[in-house]
Amino acid sequence: TASDGLEAVEKARDKHYDVVMMDIRMPRKDGLSAFREIAAIDPDARVIFTTGFTPDEETKRSLDSGSHLVAYKPFDIASMLSMVRKLTMEQAN
């Protein structure tokens, strides 16, 4: 776990993660900015963004352009597991 976006980037420098679950809104560095850095460090890392808010238009465009998955809070565990399976199956192919 990471408490903010900067810590998430540092963890990605130290270790590969197949799937990263990251809140869109985080202290010190938002999820989209952190993910861009993580993608540059480890292009094989996949992300599921999480949020309890409806994304603003700029965030929607960023998410749509990268085809990232978004899980809205409160989470449906079956849907979340399905997203993880989808991302890991994509990596296997």
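Fair warning: this is a prediction, and the values are worked out from it, not measured in the lab. (Residues numbered from 1 in each chain as written. Predicted model: local features only at pLDDT ≥ 70, side-chain atom pairs only at ≥ 80, totals over all residues. Heavy atoms only, no water.)

With that settled, the discussion passes to the overall build of the protein chain. For the protein chain, the count of helices and strands is four helices and three strands. Taken from N to C terminus, the helices and strands of the protein chain fall in the order α-β-α-β-α-β-α. Across the 93 residues that make up the protein chain, the buried fraction comes to 35%. Of all intrachain contacts in the protein chain linking residues separated by at least 6 positions in sequence, the fraction that spans at least 24 positions is 53%. (Helix = DSSP H or I, 4+ residues; strand = E, 2+ residues; numbered from the N terminus. Buried < 20%, exposed > 50% of the residue type's maximum accessible area, 1.4 Å probe, protein only. Contact = heavy atoms within 4.5 Å.)

Formed by 15 residues in total, the largest nonpolar core has its most connected members in Val20, Met22, Ala34, Phe35, Ile38, Val47 and Phe49. Only α1 (5-14), β1 (19-23), α2 (31-41) and β2 (46-51) provide two or more residues apiece to this core. Ranked by residues supplied to this core, first place goes to α2 with four residues. (Core = buried A, V, L, I, M, F, W, Y, C linked by side-chain atoms within 4.5 Å.)

Before going further, it helps to spend a moment on the layout of surface pockets. Taken as a whole, the largest pocket encloses approximately 250 Å³ of empty space. Contributing to the lining of the largest pocket are 14 residues, with Thr1, Ala2, Ala8, Lys11 and Val20 lying nearest its centre. Where the lining of the largest pocket is concerned, the elements lending two or more residues are α1 and β1. For the lining of the largest pocket, the element with the most residues is β1, which contributes five residues. Across the lining of the largest pocket, the residue classes tally to 10 nonpolar, one polar and three charged. (1 Å grid on protein atoms, 1.4 Å probe; cavity = no way out; pocket = protein on both sides within 12 Å on 5 of 7 lines; lining within 4 Å. Points joined across faces, edges and corners; volume = space filled by probe spheres on them. Nonpolar A, V, L, I, M, F, W, Y, C, P; charged D, E, K, R; others polar.)

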